[in-house]
Each structure stands twice: as structure tokens, then as C-alpha cells.
Protein chains: 2
Amino acid sequence: MIENYLLEELVTFQRMGTLKKTAAHLAVTQPTVTRGMQKLEDGLGVKLFDRHPNRLELTAAGELAAKEAAAVLRRQELMVNRVQNFVAQNQALTIGAVVPGPLIILKRLAGAPLFNHQVDERLVEPERVPEELTDDRLGMVFTTTDLTGPDLISQPLGVEHLFVNLDRFLPQANQTAVSFKDLAGLSFVVLDDIGAWKDVIGKEIEDAHFMCQDERDAMDEITRYSSFPHFTTNVTAADPSYHPVPANNRVERSIKGPKAELTIYVTVKRQRQTQVQPLVDRLKTAWAKLPTTPTTGGTNVLK
Amino acid sequence: MIENYLLEELVTFQRMGTLKKTAAHLAVTQPTVTRGMQKLEDGLGVKLFDRHPNRLELTAAGELAAKEAAAVLRRQELMVNRVQNFVAQNQALTIGAVVPGPLIILKRLAGAPLFNHQVDERLVEPERVPEELTDDRLGMVFTTTDLTGPDLISQPLGVEHLFVNLDRFLPQANQTAVSFKDLAGLSFVVLDDIGAWKDVIGKEIEDAHFMCQDERDAMDEITRYSSFPHFTTNVTAADPSYHPVPANNRVERSIKGPKAELTIYVTVKRQRQTQVQPLVDRLKTAWAKLPTTPTTGGTNVLK
DNA sequence: AAGGCTTACGTGGGACGTAAAGATA
DNA sequence: TATCTTTACGTCCCACGTAAGCCTT
């Protein structure tokens, strides 16, 4: 069997160019590498080097072998990472999401530490979710699609409803619920980290302008001292930390239509389902208590 | 560094269930495997086994590690195969094709053995061509599309023209070239191994029936003692072995339109281009001498 | 008992380093 | 002469086998 230290020597040689540098780089002596490469050629039954008395050169087969060896070593590295991540997830589940809402609910449960977990605040690109779960970099992800498959399983947690916060003097504020069409052409202040919601508003609202803010504080400033509309959801609205100073010149309105809703799923590796089920059940209970329509008061002056 | 023999022991244990059987299967003693698995756990820093005094059981992490280890070993196996295939291709290029025509031209060059090669008669599925070349199971493939990319390079060899052989009493035989529409509704005898041509005739001729023959001899029988039309090309028509007994009740006709032509490319790994260029040039020369229209005589009686 | 895993101990192969030689440029 | 590779030789490590012990079923 060809052992990996030989592959590592070959890969290093390809980068370094000489056996001497290779040896130095691997902190061994030159004869060690000489013998290693001889052994590798022997093991493969393939001539990997053109030998000039003073210089060693990779043959075409040697170049290929070095590339392949690098791939083999990467695969082994991946194995180590996956296994180590897996056990780390058993000790403290790392939880991610493609939209921020579910993480807010999760934090509200933190007082009852039913579960040892940590939260990865950076939102995940939806297409990377399977990879993150497979590699156990994340142990649980809140997604907006059902990713159930041979390795993963998704279960619905609840529905998140999009609200828009409008200046109370705007004519659109004069209805309990607005449609995306009513919002066409407006300029909105939005947070950067809203994940999939960005796609929703970007696609559904025509001719709109979005002023992105990556800081929550800056966002609060602007909403307080301007009349630009902004978005919330039934989840963020229920978040106590989200309205440190309520912008009382605005009214919160539902947005009509199925496109203004996202079904949130809890997605985990099948393997982990029993491990996380208690937490999932707590989340479902908490989610069920959320309102589905704006609760904050504020009536339109025109009404 | 974790060496592969440890991974092999783990994989074997997952299959065998006990260290004893594992040891027997690997032709080593039991303590060797015990120590190996301890070393692997140590190297990964992960507990892979639940230890009962009399029984060893994989933990969830152990199951995952075993699966991953199998993948690592497969990757290494792939490396070995690729490298060994590569050198084999340098000694004797194995040549494949997605349509049989170019192989006929190739064989006609065999008298002038400019090149040490062998031919793989089984046609390749077009979508498998990149894989076959990357793995060096084939060193050169005749394709009908340009697969030029970072690793592969295609160069056009020539165009193969489809002919149809019609009973001379058929009205369609009364023109020097027919269209696919003229052939609608007919029943044809066709060889199985015609690769991409099958897609062409299947798509372009409406309501046609195809009687597939996997044997060249059976095909010849049928064409001789029946009047079913069949197909040839400017390449097969030039093949001396293809008309052992010319079916003289038929006339060979061109088919009109670009769909009745296939551009044939020679596709190789970039790396191999200089190696094969002399052969490719010979093939191009030979191809250029082919007719583009039917040469065999035979006039329609109605003419 | 019987079966299976682990520990203890001694050994041998092989991977390593040191030293020296060979071959360019 | 300087640089790089290879061969030769001695050493030490470590993977292995043998033997014994331990715990279940």
C-alpha cells in the first residue's frame, strides 16, 4: 500500500523543484526524500522522474501523479475535518440560517438552555446549506426550502410574514394590508443581512430602490430621522431588542400574497434528528405563539 | 500524518464487525488491529469505538469515519489507476469513438504503422468522453462535438455525410439527394453500433421504424434479400470491407441539410496533443480524400 | 469454558540521519 | 568549485507477533 507521507513528498517536490528544498521544507534530510521517491516509483510501477546527475525533473506521468497526490491528500484532510466537526457538533450544535428571523426566536429560548448550542450569525447562502451540514460545519440550519433527501431531513417550523413600515402620512398606510404593487417605485432602507428576503423584495417590488445598511444602529438612526419605509416581519416585530426606540411616525402593515411569506424549515442531517428533536419542538411551540399580523398600534391620519 | 493502512483497518472493521475477523481478513494478528484503531483514534483525536470488554462497537463518529476512510482509499485507488493508465497510453494509445466512421479511416491507415495504438471498438457514450480521457482509459476519442476546455482539446477532422440506400424502384430514389422529410414513414434496417447517428435519424425522420441489428452479417443478409432501406455515410461507403456483396438493387443517395452531417473532432488531453499530432495529420489527409457524395452508380429505373 | 479485546514484551524491518561519492554547470 | 543527487552504512523507532490477562455471555 502506498502511504501518504510519500505522496506528501511528491507534492512538495512539485512545488519546490529540487529534492534539497523538498527535504528542507519537510524537515527531513535529502536522502530520505530520494529514497521516498524511489519507493513511490516502485510502488506505482511508474517512472516519475527524469534523472540527470545533478537535477531531477518530473516526467509527464510524474506531473500527473503529483496533481493526483495533492487531490488524495486533500480528500484525507476533508475526512479529518468532517469527523472532527461531527463530534464538535455533538458537544455544541452550531446553528445557522438563511434568514435571520429564526435565530431571533432561538435566542429568546436561550434562557431555558435545553440544549448546548452556539449560533453562527453569518447567514448561509442557500445553495451551500447541504455542504455545510454534510461537513458538520453547521449542525442545524434554518432554511426556506425543504431539503429532505437521503442524508438530510427538513421539517417545517412555521411561516414568517413580511411587514412593511410606512410613514403614517403615506396613502398606502391607509389600509391594513398592502400589496407589493402598492410599494412599487418607493425607496426603502433595508438591512444587509436579511438573506432570502432580499430576493423576495428585489423580485416582487418594481422600480424600487434599496438603501442597504450593514449596521443595525445606522439603520435605526435612519429610520428614526427619515421617513423612508423599511421592512420587518412577524418575527422581528416580536423581538424586544429590535425596537429600542420605536419609530412612532410609522405604521406597520401586512403585505398581501403568498410571496410575502416564507415557510421556515429546520434542516439537519438525518443522523442528528433524534438529538435535536427536543430543541425543534421547543422552537415550534415558540413559533406558534407569534402573531401573524402587525400588533403595534398606530393609525393612519387619513383614516 | 494518518497513514492509509489504519484507514484500511477501520474500513475492514466496519464490514467485519469484530477485530478478530478484521485481523483474519487482513492477514495480521488481533493485537495489531487493536493498536491500529487506538492509534487512529489518537491521530484523529476522536473516540471511534464504544468499548465493551467483549465487544467493540463503532460510535456515530466511527461510522462516519469509516465511510470517509473508504472514500479516501477509493480516491487513492483512482490516483493509482489514472497514473498507470497514463503511462499505458504513452506506450500504446487506446482510441475510441462515439460514431464508428472515424475508426474505419483509422484502420485503413494501419498499414502504415506511424503510431503504436489499439482501437476500442465499443462506442463511447458522448457524456462519458471527458471522464474516459481524464482517467486515461482512452487516449484519443473521435467525438461529434468540440470538447475543448481547460484539460481537453478538440480539433476538427472532417465532416461525415449521411447517405441512404433506397430500393431503386422507390419514387424517392428518383433524385440525386433526398431530404429527411422524404423518408418519413419508411422502415429502415440499421446497425446498433452507430452511436450519435441513431439520435440523428431518430429525431429527424418522422414516423419511421428502425429494425436494429447488432450483427454486421445479419444486417448484410437482410439488406441483400429485402428491399428495406438502410444507411451508409461517405465514410462507410469508402470502406472496402463494408460492401462484400453489393446490394445491387439499391441506389445510394445523399441526404440534404446540415442535420445529415456530423463534424468529427479528434479529442485528446491537452497534454497529449504533441504526442498525437502526427497521427491526427495523417487522419486529416486521409479524410480529405473521401468523397462527399455517393460514388456507386446505379440509376433509378424511372429516370 | 469460549469468545473477544487489551496489555506486556521482545523482535525485526524499514525509515531515518550521517558520511561520502558521483556528476554536472 | 558549488550544487544537487545518489549510494553506503549504522541506528533507532515502531509496527508486528507471541503470550498472557481480563471481561463478558
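Computed from a predicted structure; not experimentally measured. (Residues numbered from 1 in each chain as written. Chains lettered and ligands numbered in written order. Predicted model: local features only at pLDDT ≥ 70, side-chain atom pairs only at ≥ 80, totals over all residues. Heavy atoms only, no water.)

Undergrad: Help me out: how do you make sense of the relation of the copies chain B and chain A in this one?
TA: Copies of the same chain, two in number, are related to each other by a rotation about an axis and a translation along it. Taken as rigid bodies, chain B and chain A are interconverted by a rotation of 180 degrees and an axial shift of 0.1 Å, the fit giving an RMSD of 0.3 Å. These values place the two chain copies in the arrangement generated by a two-fold rotation axis. Measuring from the rotation axis to each C-alpha of chain B, the shortest distance belongs to B:Glu3, at 2.9 Å. (Least-squares fit on C-alpha atoms with pLDDT ≥ 70 in both.)

Undergrad: What should I look at first to understand the protein's contact with DNA strand D in this one?
TA: Lining the immediate environment of DNA strand D, one finds 21 residues, of which A:Gln30, A:Arg51, B:Thr29, B:Thr32 and B:Lys39 sit closest. Atoms of DNA strand D within 4 Å of the protein: sugar and phosphate make up 60%, bases the balance. A distance of 2.8 Å separates a phosphate oxygen of DNA strand D from a polar atom in the backbone of A:Leu19. For DNA strand D, a phosphate oxygen lies 2.8 Å from a polar atom in the side chain of A:Gln30. Those elements that provide at least two residues to the surface near DNA strand D are helix H2 (19–26) and helix H3 (30–44) of chain A together with helix H3 (30–44) of chain B. Along the lines of polarity and charge, the residues of the surface near DNA strand D split into 8 nonpolar, 8 polar and 5 charged. (Near = heavy atom within 4 Å. Polar contact = N/O pair within 3.5 Å; in protein donor to acceptor, adjacent residues only side chain to side chain. Helix = DSSP H or I, 4+ residues; strand = E, 2+ residues; numbered from the N terminus. Nonpolar A, V, L, I, M, F, W, Y, C, P; charged D, E, K, R; others polar.)

Undergrad: Quick question: what am I supposed to make of the protein's contact with DNA strand C here?
TA: For DNA strand C, the set of nearby residues contains 21 residues, the closest of which are A:Thr29, A:Thr32, A:Lys39, B:Gln30 and B:Arg51. Near the protein, meaning within 4 Å, the atoms of DNA strand C are sugar or phosphate in a fraction of 58%, with bases accounting for the rest. Within the side chain of B:Gln30, an N or O atom sits 2.8 Å from a phosphate oxygen of DNA strand C. In this structure, B:Arg51 approaches DNA strand C through a side-chain N or O atom, which is 2.5 Å from a phosphate oxygen. Among the elements of the structure, H3 of chain A together with helix H2 (19–26) and H3 of chain B are those that each provide at least two residues to the surface near DNA strand C. Here the residues of the surface near DNA strand C are counted per class, giving 8 nonpolar, 8 polar and 5 charged.

Undergrad: Whenever I open this one, the domain arrangement of chain A confuses me. Can you help?
TA: Many authors give the size of an interface as the accessible area that is lost as the parts come together. All names here are of chain A. Examined at the domain level, chain A breaks down into domain 1 (4–87), domain 2 (90–157 + 264–288) and domain 3 (159–261). Summarising the inter-unit geometry, the C-alpha centres of domain 1 and domain 2 are found 41 Å apart. In this assembly, 5 residues from domain 1 lie in contact with 9 residues from domain 2. In total, domain 1 and domain 2 occlude about 610 Å² of area from one another, counting both sides; carbon and sulfur atoms represent 42% of this. Among the salt bridges present, the one from Arg82 reaches Asp135, with a minimum N-O distance of 2.6 Å. Inspection of the domain 1/domain 2 interface yields 5 residue pairs in polar contact (both at pLDDT 80 or more). (Domains from an automatic or database assignment. Contact = heavy atoms within 4.5 Å. Buried area = accessible area lost by both parts, 1.4 Å probe. Salt bridge = Lys/Arg side-chain N within 4 Å of Asp/Glu carboxyl O.)

Undergrad: Sorry, what's going on with the environment of B:Pro156 here?
TA: Residues and elements named next belong to chain B. By the element assignment, Pro156 lies in strand S6 (residues 152–167). Sequence separation of Pro156 and Val124 is 32 residues, and the distance between their C-alpha atoms is 18 Å. If we ignore the near neighbours within four places in the chain, the residues touching Pro156 are Thr263, Ile264, Tyr265 and Lys284.

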